[in-house]
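Observations on the three-dimensional arrangement
Spelled out from the first residue to the last, the chains are:
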Amino acid sequence: MAGVSSVPFAPSRSPLTTKLEGFGTTIFGEMTSLALDTGAINLGQGFPDTDGPAAVLEAARAAIASGANQYPPGRGVPELRAAVAEHQRRWYGLAVDPDAEVLVTAGATEAIAATVLALCSPGDEVVVLEPYYDSYAATIALGGAVRRPVTLRWPDFALDAASLEAAFSDRTRLLLLNNPHNPTGRVLTADELATVARIARERDVVVVTDEVYEHLTFDGRVHVPLATLPGMAERTVTISSAGKTFSVTGWKIGWLHARADLVDAITTVKQFLTYVNGGPFQPAVAAGLALPDAVFRQAATDLQERRDLLVSGLSAAGMDVVVPEGTYFVVADAAPLGVTDATSFCLRLPELAGVVAVPMAAFYDDATPARSLVRFACCKRPEVIAEASHRLATLKTHQ
Ligand SMILES: Cc1ncc(COP(=O)(O)O)c(C=O)c1O
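It should be emphasised that the depicted structure is a prediction, and the values quoted were computed from it without experimental measurement. (Residues numbered from 1 in each chain as written. Predicted model: local features only at pLDDT ≥ 70, side-chain atom pairs only at ≥ 80, totals over all residues. Heavy atoms only, no water.)

Moving on to the overall build of the protein. Scanning the protein from N- to C-terminus turns up 14 helices and 13 strands. Computed over C-alpha atoms, the radius of gyration of the protein comes to 22 Å, within 12% of the 21 Å expected from 2.2 N^0.38 for 399 residues, which places it in the range of a compact globule. Once the C-alpha set of the protein is aligned to its principal axes, its extents read approximately 70 × 60 × 55 Å. Residue burial in the protein is summarised as follows: out of 399 residues, 53% are buried. Excluding contacts between residues fewer than 6 apart, the proportion of contacts in the protein whose partners are at least 24 apart in sequence is 77%. For the protein, the accessible surface area stands at approximately 16800 Å², while carbon and sulfur atoms represent 55% of it. Charged side chains in the protein number 32 positive and 44 negative. The centres of these two groups are separated by 2 Å. (Helix = DSSP H or I, 4+ residues; strand = E, 2+ residues; numbered from the N terminus. Rg over C-alpha atoms; globule rule 2.2 N^0.38 Å. Buried < 20%, exposed > 50% of the residue type's maximum accessible area, 1.4 Å probe, protein only. Contact = heavy atoms within 4.5 Å. Areas by Shrake-Rupley, 256 points an atom, 1.4 Å probe, with all protein chains shown as cover. Lys, Arg positive; Asp, Glu negative; His and termini not counted. Charge placed at Lys NZ, Arg CZ, Asp CG, Glu CD.)

Shown next, in the form of structure tokens:
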């Protein structure tokens, strides 16, 4: 047994890089484990519990059967890059060169990471809307950059032009936008988008827009990509992904499009992150993007019905609810139930009501404006939302 020490290994400090100190496990992973451990209904993490279009699933099976199982080209298979460009033309009238201006990525997450890491140097500042999707903060930190949050406030979560302007400095390199917005469910108005575009032009910064919920807008709202505004195509990196649009969140096929030199810079980083991913899923997503408009619209209509069910359920449970304009999420204020700390409330919710949700505090630098706010996912089957609503209705009697 020579060389085997009986002294237990006790590291003197955390092995995690200081860049990610305080990030730990994502709140979604934590809440999903809680749902699995307790058998509670998981309205925490945003993933659908039904399959998307059969044609997309079948195309992936066919791609595997036909041998598309090795590394795809670095920028993505040509048919997916062409399909992304054609999708942007068909839905938004944007002219995108599939060879020079499109990059396929491992989900929107990698697109965001590669973009921030490629375009920011240590000490640069990135303006983000707060609450923000959790990977934004971690990615900015990994790049050694500094985030400058602009807070959207309950209950209307409007983007205030003066606060946005005030977040900029001489070090601002990027504005990282998310529209439709997770977790608030906001779809930015034409005025808000025009303000973003004006400030980006005046400050001469690149805007990175995460538009993964582009097809999930409600009540007739139409998604407007920032890149369609005057002067914005050349300074916008537009990011989306197949996960939400086709209910295939596990496939992790995303993409971005931007000016050719921006795509070249981002590709330089991307090649050292994953190089490539999802060989057989890429042609399947290309097939999905070519599906008729009605398929995309039906997905939004179905989700809107689920949103309505969940909004009614949360209201009936005694919470104040803002009706979301898009995305998978509904934000509710649990203050009327006597809740002052949504994080401890969410940790107890499986036991109290057999439901898992996410405290909005997880999406803020300073969570003061979100103390009693909770995010619920509505991308579940109607019967699951009905059962969750039934369970949540008991909360009133616990007061
Ligand atoms: C706003 C936002 N951006 C990005 C992602 C991640 O997308 P993907 O799974 O394609 O990496 C999500 C997933 O929930 C999201 O809500």
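Throughout the structure, instances matching the rule amount to 23 salt bridges. A salt bridge links D365 to R147; the nearest nitrogen and oxygen atoms lie 2.7 Å apart. Here D365, found in the loop between strand 12 (358–359) and strand 13 (373–377), pairs with R147, found in strand 4 (residues 146–151); they are 218 residues apart in sequence, far enough to count as distant. With a relative accessible area of 37%, D365 lands in the partly exposed category. Judged by relative accessible area, which is 26%, R147 ranks as partly exposed. Note that E165 and R198 form a salt bridge whose closest N and O atoms lie 3.3 Å from each other. Taken together, the residues E165 in helix 6 (residues 161–166) and R198 in helix 7 (residues 190–203) connect sequence positions 33 residues apart. A residue is classified by how much of its surface remains accessible, and R198, at 30% relative accessible area, is partly exposed. Connected through shared salt-bridge partners, R186, E192, D219, R221, R307, D308 and E325 make up one network. (Salt bridge = Lys/Arg side-chain N within 4 Å of Asp/Glu carboxyl O.)

Attention shifts here to the packing of helix 3 (residues 78–92) against helix 10 (residues 281–289). Running from N to C, helix 3 and helix 10 point in directions that differ by 20°, and their axes come no closer than 8 Å. Viewed along their axes, helix 3 and helix 10 adopt a mutual orientation that is roughly parallel. Seen from above, helix 3 lies across helix 10 with left-handed handedness. On the side of helix 3, the interface is formed by E79, L80, A83, V84, H87 and R90, while helix 10 contributes Q282, P283, V285, A286 and L289. (Axes fitted to C-alpha atoms, helices over the stretch in contact; angles between N-to-C directions. Parallel < 35°, antiparallel > 145°, perpendicular 65-115°, else oblique. Left-handed = near helix turned anticlockwise from the far one by under 90°.)

Take the sheet that holds strand 7 (residues 236–241) next. Across the sheet, seven strands lie side by side as 2-8-7-6-5-3-4; this open sheet has mixed pairing. If you trace the sheet from one side to the other, it starts and ends with strand 2 (102–106) and strand 4, each paired once. On average, each strand axis in the sheet is inclined to that of its neighbour by 25°, with strand direction left out of account. Here strand 5 (residues 172–178) runs beside strand 6 (residues 206–210); their pairing, made up of five bridges, is parallel. Each residue of the ladder has a partner; that of N178, found in strand 6, is D210. Set on the sheet, helix 9 (residues 260–273) makes contact with strand 2, strand 6, strand 7 and strand 8 (253–257); between it and strand 2 the angle comes to about 25°. (Pairing = 2+ DSSP bridges.)

In the vicinity of the ligand, the residues found are G107, A108, T109, Y133, N178, N182, D210, V212, Y213, S241, K244 and K252. Between the ligand and S241 there is a distance of 2.7 Å, counted from an oxygen atom to a side-chain nitrogen or oxygen. Computed on the free molecule, the ligand has an accessible area of 400 Å², of which 93% lies beneath the protein chains in the complex. The greatest single-element share of the shell around the ligand, amounting to three residues, is contributed by helix 4 (residues 107–119). Of the residues belonging to the shell around the ligand, the class tally is four nonpolar, five polar and three charged. (Near = heavy atom within 4 Å. Polar contact = N/O pair within 3.5 Å; in protein donor to acceptor, adjacent residues only side chain to side chain. Nonpolar A, V, L, I, M, F, W, Y, C, P; charged D, E, K, R; others polar.)

Here D261 is to be found in helix 9. The exposure class assigned to D261 is partly exposed, which follows from its relative accessible area of 43%. Taking the C-alpha atoms as reference, D261 lies 8.4 Å from E101; in sequence the two are 160 residues apart. Within the structure, D261 has its side chain in polar contact with the side chain of R259 (distance 2.7 Å).

Before going further, it helps to spend a moment on the packing of helix 1 (residues 27–38) against helix 12 (residues 342–353). Contact geometry for helix 1 and helix 12: axes closest at 10 Å, N-to-C directions at 20°. When the interaxial angle is binned, helix 1 and helix 12 end up roughly parallel. In this structure, the crossing between helix 1 and helix 12 has a hand that is right-handed. Here M31, L34 and T38 of helix 1 come into contact with helix 12, specifically with C346, L347 and P350. For the contact of helix 1 with helix 12, the per-class residue count stands at five nonpolar, one polar and no charged.

Now for the sheet that holds strand 12. With respect to topology, four strands assemble into an open sheet ordered 9-10-13-12, the strand pairing being antiparallel. This sheet does not close on itself; its edge strands, each paired only once, are strand 9 (320–322) and strand 12. Bridge count for strand 12 against strand 13 is two bridges, and the pairing is antiparallel. Of the residues in strand 13, the one forming a bridge with P359 is V374.

Residues shown with low pLDDT carry predicted positions that ought not to be read at fine detail. Of the residues in the protein, 98% reach a pLDDT of 70 or more, and the chain-wide mean stands at 95. Confidence, read as mean pLDDT per element, is least for helix 14 (residues 395–398) in the protein (74) and greatest for strand 2 (99). (pLDDT = per-residue confidence, 0-100.)

Cis peptide bonds are those with omega within 30 degrees of zero, and the linkage from W154 to P155 qualifies with 0°. Note on placement: P155 falls in the loop between strand 4 and helix 6. Here N182 and P183 are connected by a cis peptide whose omega angle stands at 10°. In this structure, P183 sits in the loop between strand 5 and helix 7.

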